[in-house]
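Listed here are the chains, written in short residue letters.
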Amino acid sequence: MESVKLCTWNVNGLKSVLQKFGNLDKFLDALQSDIICIQETKLRVVNDSTLCISDGFFSYFACNQSHEKMGIAYSGVATFVRKDAGIDCIAAQIGLTGMLPGESPSSRPDGGIISLSEEELAAAGVTREEAMRVEMEGRAVITDHGAFVCINVYAPYAPMEDSIRFSFKLNFNALVQCAIAKLHASGRSVVLLGDLNVTASPLDHCDPCDFYYKSCPTEGGVDSAAVEDTTGPGTSTDTGTGTGTGEGTIAVALDTEIICVKFADKPHVRWINDLLTPVRDTHTGGGTEMSNYLIDSFRHMHPEVSVYQCVYTKVYTYLLMCVLLYSVLCRERRRTHVGTLLQVPG
């Protein structure tokens, strides 16, 4: 295997996108890729062969099985692997933890790809019940291709004001990071791609801003944890509109009850940047960089280009594929790439 071409696309409903292309085979062939990862299929079950069976591709689906929003079609991911591309698919798994049924027949001795123990979940700060709620929404499919493991995800969208769903989002992020860490520990190369619902820097955002403002209802004052370093440069304590470039991280507008959070300090932004940060090998004593971190493939090739990677969908959105080309995926160095979703309004 000299190179592999991967494509990721949030289709915002598989049925609707197939109506535009005609059928599943035409849709997959049009993308001209070896591995195709789609998100937001909006399927609760896969009981229609026209949606999932292709002559030229193996298909692996994770559907939303959550009982919290019964009857609502949302979430769901699918991975398609071209049959004649010479890419082995040793195993496929629904979810990130190994808690869900639905693994494909596997030639692996252990029959699976990854399983997170109670101890590993606890270390990630996620209870088993919280992990199961994440898994039930059908947000991840993992496929093992021998030279690398492909993780196709649809991360939850959740504004910081919605504490319940934002906590759910952070639990999902923690499971992704835990799964990647375990695969790295076993010497595997990993490709993480899909709709991550996060931007690593203002350069990636459609409305770049150093600060983010959110409502913070308070009674008789502001939570003490939220007012840390409100007097630093670049903060505001009267209008919540400070845009300076100082070191102040968080500011609170006491009169409007608005919290100003620096872009890089948002929990989900810290998460993605942690994944993109090289880890130093402390055991060698020489400070050698380890290669078990993620590389933003788009930013690796276009470090200064100002484009946004957040999803902006209209009725007829043209696809701009995120193509990752690999030369044996630098397997000997176990370098890992993260594919970023890039969409533009049609």
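In this text, all values refer to a predicted model and were calculated from it rather than measured experimentally. (Residues numbered from 1 in each chain as written. Predicted model: local features only at pLDDT ≥ 70, side-chain atom pairs only at ≥ 80, totals over all residues. Heavy atoms only, no water.)

1. Here's the deal with the overall build of the protein
1) Next: Of the regular secondary structure elements, the protein holds 8 helices and 16 strands.
2) Next: Per-residue burial over the protein gives 47% buried out of 346 residues.
3) Next: The long-range fraction of contacts in the protein, counting pairs at least 24 apart against all pairs at least 6 apart in sequence, stands at 70%.
4) Next: Per element, the accessible surface of the protein, about 16500 Å² overall, is 52% carbon and sulfur. (Helix = DSSP H or I, 4+ residues; strand = E, 2+ residues; numbered from the N terminus. Buried < 20%, exposed > 50% of the residue type's maximum accessible area, 1.4 Å probe, protein only. Contact = heavy atoms within 4.5 Å. Areas by Shrake-Rupley, 256 points an atom, 1.4 Å probe, with all protein chains shown as cover.)

2. Remarks on helix 5 (residues 128-135)
1) Next: Among all positions in helix 5, only Ala131, Val134 and Glu135 are buried. Angularly, the buried residues of helix 5 cover 95 degrees about the axis, an arc narrow enough to put them on a single face.
2) Next: Residues of helix 5 that are buried make contact with helix 4 (118-123) and helix 6 (163-185). (Arc of directions from axis to C-beta.)

3. Here's the deal with the packing of aromatic side chains
1) Next: In total, this model carries 4 aromatic pairs according to the counting rule given.
2) Next: Arranged with centres 5.2 Å apart and planes meeting at 70 degrees, the rings of Phe21 and Phe27 form a pair that is edge-to-face.
3) Next: We classify Phe21 as partly exposed; its relative accessible area is 29%.
4) Next: What links up through ring pairs into an aromatic cluster is the set Trp9, Phe21 and Phe27.
5) Next: Sitting above the plane of the Phe58 ring, Lys83 keeps its charged end 5.3 Å from the centroid. (Phe/Tyr/Trp six-rings, centres within 6.5 Å; stacked < 30°, edge-to-face > 60°. Lys NZ or Arg CZ within 6 Å of the ring centre and 35° of its normal.)

4. Some words on the pattern of salt bridges
1) Next: By the definition in use, this model includes 7 salt bridges.
2) Next: With a closest N to O distance of 2.9 Å, Glu137 and Arg139 form a salt bridge.
3) Next: Owing to a relative accessible area of 1%, Glu137 belongs among the buried residues under this scheme.
4) Next: For Asp204, the salt bridge identified is with Arg299, shortest N-O distance 2.6 Å. Highlighted residues: Asp204 in the loop between strand 8 (190-195) and strand 9 (211-215) and Arg299 in helix 8 (residues 297-301), separated in sequence by 95 residues.
5) Next: Relative accessible area serves as the criterion here: at 1%, Asp204 is assigned to the buried category.
6) Next: It is possible to trace a salt-bridge network through shared partners that takes in Glu137, Arg139 and Arg165. (Salt bridge = Lys/Arg side-chain N within 4 Å of Asp/Glu carboxyl O.)

5. Side note on the environment of Glu135
1) Next: Looking at where Glu135 falls in the secondary structure, it is placed in helix 5.
2) Next: Overall, the relative accessible area of 4% leaves Glu135 in the buried class.
3) Next: For the pair Glu135 and Gln65, spaced 70 residues apart in sequence, the C-alpha to C-alpha distance is 8.6 Å.
4) Next: Among residues more than four places away in sequence, those in contact with Glu135 are Gly95, Leu96, Thr97, Gly98 and Leu100.
5) Next: Of note is the side chain of Glu135, whose polar atom sits 2.8 Å from the backbone nitrogen of Leu96. (Polar contact = N/O pair within 3.5 Å; in protein donor to acceptor, adjacent residues only side chain to side chain.)

6. Brief notes about the nonpolar core
1) Next: One finds Leu96, Ile151, Val153, Leu175, Val176 and Leu192 to be the most contacted residues of the largest nonpolar core, which totals 36 residues.
2) Next: At the level of secondary structure, the elements contributing two or more residues to this core comprise helix 5, strand 6 (140-144), strand 7 (149-154), helix 6, strand 8 and helix 7 (267-275).
3) Next: Considering every element that reaches this core, the biggest residue donor is helix 6, with 9 residues.
4) Next: Look past the residues within four positions of Leu96 in its chain and what remains in contact with it is Ile114, Leu116, Glu135, Ala140, Ile142, Ile151, Phe172, Leu175, Val176 and Ala179. (Core = buried A, V, L, I, M, F, W, Y, C linked by side-chain atoms within 4.5 Å.)

7. Some points on the packing of helix 5 against helix 6
1) Next: Here helix 5 crosses helix 6 at 90 degrees, and the two axes come no closer than 10 Å. Viewed along their axes, helix 5 and helix 6 adopt a mutual orientation that is roughly perpendicular. For the pair helix 5 and helix 6, contact is made by Glu130, Ala131, Arg133 and Val134 and by Phe168, Asn171, Phe172 and Leu175, respectively.
2) Next: Partitioning the contact of helix 5 with helix 6 into residue classes produces 5 nonpolar, 1 polar and 2 charged. (Axes fitted to C-alpha atoms, helices over the stretch in contact; angles between N-to-C directions. Parallel < 35°, antiparallel > 145°, perpendicular 65-115°, else oblique. Nonpolar A, V, L, I, M, F, W, Y, C, P; charged D, E, K, R; others polar.)

8. Re the side chain of Thr41
1) Next: Checked against the element boundaries, Thr41 lands in the loop between strand 2 (35-39) and helix 3 (49-52).
2) Next: For Thr41, a relative accessible area of 1% translates into the label buried.
3) Next: Sequence-distant contacts of Thr41, that is, excluding residues within four places in its chain, are made with Val11, Gly13, Leu14, Ser75, Gly76, Val77 and Ala78.

9. Focus on unusual backbone geometry
1) Next: Here Lys42, not a glycine, exhibits a phi torsion of approximately 60 degrees, which is positive.
2) Next: Relative to the helices and strands, Lys42 is located in the loop between strand 2 and helix 3.
3) Next: For Ser75, which is not glycine, the phi dihedral falls at a positive 65 degrees.
4) Next: Turning to its location among the elements, Ser75 is positioned in the loop between strand 3 (57-62) and strand 4 (77-82).

10. Comments concerning the confidence of the model for the protein
In regions of low pLDDT, the predicted coordinates are not meant to be interpreted in detail.
1) Next: The predicted model of the protein averages 74 in pLDDT, with 64% of residues at 70 or higher.
2) Next: Counted against residues more than four places away or in other chains, residues 104-111, with its pLDDT under 50, gives 15 contacts.
3) Next: The model gives residues 310-346 a pLDDT under 50, and that stretch makes 111 contacts with residues more than four places away or in other chains. (pLDDT = per-residue confidence, 0-100.)

11. Considerations on helix 1 (residues 14-21)
1) Next: The set of residues buried in helix 1 consists of Leu14, Val17 and Leu18. Mapping the buried residues of helix 1 onto a view down its axis gives an arc of 100 degrees, with all of them on the same face. In helix 1, the exposed residues that point more than 90 degrees away from the buried face are Lys15 and Gln19.
2) Next: The first or second residue beyond helix 1 is Gly22, which carries a positive phi of 110 degrees.

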